[in-house]
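Fold and geometry: a report
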Amino acid sequence: TVTDTAGNGWIAAEPDGAGTPTTSSLNYLKGQTVSNTVVDPVAADGKVELYNGGGTGAADLIADVAGYFSASAGNVYVPLATPSRVVDTRATRSPLGSNASARFPTYPTAIPITAMVANLTVTDETANGFITAYPDGVAVPSVSNLNYLAGQNVAGLSLIDTNSAEQAATNVYNSSPGTTDLIIDTFGYFTGQ
């Protein structure tokens with residue numbers, strides 16, 4: 001997440017010591033707060049590097065680690081043949097409430113899904129805020145998946161832990177004094193089988 005931006009620019013995440021990047025992980029305008037999910041290799045020293053390509057404009061950066069891939073992990077990624085819209089609160093006329101969580105089942109399947117790859121989109125926001133997706137059985141984490149301003153349409157890719165001990169589902173917390181509609185489009189999932 002980039003915030004307190006003094007000018008326009010871009011941020012790149014890369015392994016420590018990789019040199020000057022030629023691609024961006026997110027782009028921002030002066031005064032914006034923008035977040036994005038990034039899957040980044042880690043250098044041999046266990047570090048990643050965040051590069052500000054914003055010229056002379058300073059920016060504050062927030063890096064929330066949501067998980068990691070391990071060569072010894074038994075999880076397998078299964079892409080969906082056709083992406084699926086599993087949540088659209090506009091259709092049910094039930095936006096996320098102010099400073100409240102809602103639980104959304106995502107897959108009616110017997111396969112133990114450990115995480116899903118999804119695009120989260122917020123729209124029709126009545127106030128500024130952020131949303132956080134998290135599994136059942138844990139407290140609301142102090143991180144965000146998306147940051148938004150009132151009236152913005154904001155989308156971002158997320159890897160969402162679904163708590164494989166039960167039906168695949170996710171909780172989404174709306175940290176805002178207003179309401180927002182939520183859309184979740186899934187592209188695939190990780191399974192332990």
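A word on the confidence of the model for the chain. Averaged over every residue, the pLDDT of the chain is 86; residues scoring 70 or more account for 93%. Here strand β6 (residues 76-88) stands out as the least confident element of the chain, with mean pLDDT 83; helix α1 (residues 89-92) is the most confident, with 95.

Time to look at the layout of surface pockets. The space that makes up the largest pocket amounts to roughly 1500 Å³. Residue lining of the largest pocket: 44 residues in total, with Val38, Asp64, Val65, Ala66 and Gly67 positioned closest to the centre. Within the residue set of the lining of the largest pocket, elements represented by two or more residues are β2 (9-15), β4 (48-52), β8 (113-123), β9 (129-134) and β11 (154-161). A total of four residues in the lining of the largest pocket trace back to one element, the largest contributor, which is β11.

According to the stated counting rule, one finds two aromatic pairs in the structure shown. A ring pair is formed by Trp10 and Tyr51, whose centres lie 5.5 Å apart and whose planes are at 45°; its orientation type is tilted. Of this pair, Trp10 sits in strand β2 while Tyr51 is found in strand β4, placing the two residues 41 residues apart along the sequence. Tyr51 gets classed as partly exposed once you look at its relative accessible area, which sits at 29%. With centroids separated by 5.2 Å and ring planes inclined at 50°, the aromatic side chains of Tyr77 and Phe190 adopt a geometry described as tilted. Of this pair, Tyr77 sits in strand β6 while Phe190 sits in strand β13 (residues 181-191), placing them 113 residues apart in sequence.

This part takes up the pattern of salt bridges. In the structure shown here, the tally under the stated rule is four salt bridges. Several salt bridges converge on common partners, so that one network encompasses Arg85, Asp88, Arg90 and Asp185.

What follows deals with the nonpolar core. In summary, soluble globular proteins display a tendency toward joint burial of nonpolar side chains. One finds Leu120, Val122, Ile131, Val172, Leu182 and Ile184 to be the most contacted residues of the largest nonpolar core, which totals 18 residues. Elements with a minimum of two residues in this core: β8, β9, β10 (146-148), β11 and β13. Looking at this core, the element that brings in the most residues is β8, giving five residues. Discounting chain neighbours no more than four positions away, the residues touching Ile184 are Ser84, Arg85, Val86, Val87, Met116, Ala118, Asn119, Leu120, Thr170 and Val172. Grouped together as the second largest cluster of nonpolar side chains are five residues, Val2, Ile11, Leu26 and Tyr28 included.

This part takes up the side chain of Thr89. By the element assignment, Thr89 lies in helix α1. Under the relative-accessibility criterion, Thr89 is labelled buried at 2%. A distance of 2.7 Å separates polar atoms of two side chains, one belonging to Thr89 and the other to Asp181. Each residue touching Thr89, except ones within four places of it in the same chain, is listed here: Ser94, Pro95, Phe104, Thr180, Asp181 and Leu182.

With antiparallel pairing, the three strands of this open sheet are ordered in space as β3-β2-β4. The sheet is open, and its two edges are formed by β3 (26-28) and β4, each paired on a single side. Strand-to-strand, the axes of this sheet are offset by a mean angle of 20°, without reference to chain direction.

Reading the values: the criteria
Residues numbered from 1 in each chain as written. Predicted model: local features only at pLDDT ≥ 70, side-chain atom pairs only at ≥ 80, totals over all residues. Heavy atoms only, no water. pLDDT = per-residue confidence, 0-100. Helix = DSSP H or I, 4+ residues; strand = E, 2+ residues; numbered from the N terminus. 1 Å grid on protein atoms, 1.4 Å probe; cavity = no way out; pocket = protein on both sides within 12 Å on 5 of 7 lines; lining within 4 Å. Points joined across faces, edges and corners; volume = space filled by probe spheres on them. Phe/Tyr/Trp six-rings, centres within 6.5 Å; stacked < 30°, edge-to-face > 60°. Buried < 20%, exposed > 50% of the residue type's maximum accessible area, 1.4 Å probe, protein only. Salt bridge = Lys/Arg side-chain N within 4 Å of Asp/Glu carboxyl O. Core = buried A, V, L, I, M, F, W, Y, C linked by side-chain atoms within 4.5 Å. Contact = heavy atoms within 4.5 Å. Polar contact = N/O pair within 3.5 Å; in protein donor to acceptor, adjacent residues only side chain to side chain. Pairing = 2+ DSSP bridges. Axes fitted to C-alpha atoms, helices over the stretch in contact; angles between N-to-C directions.

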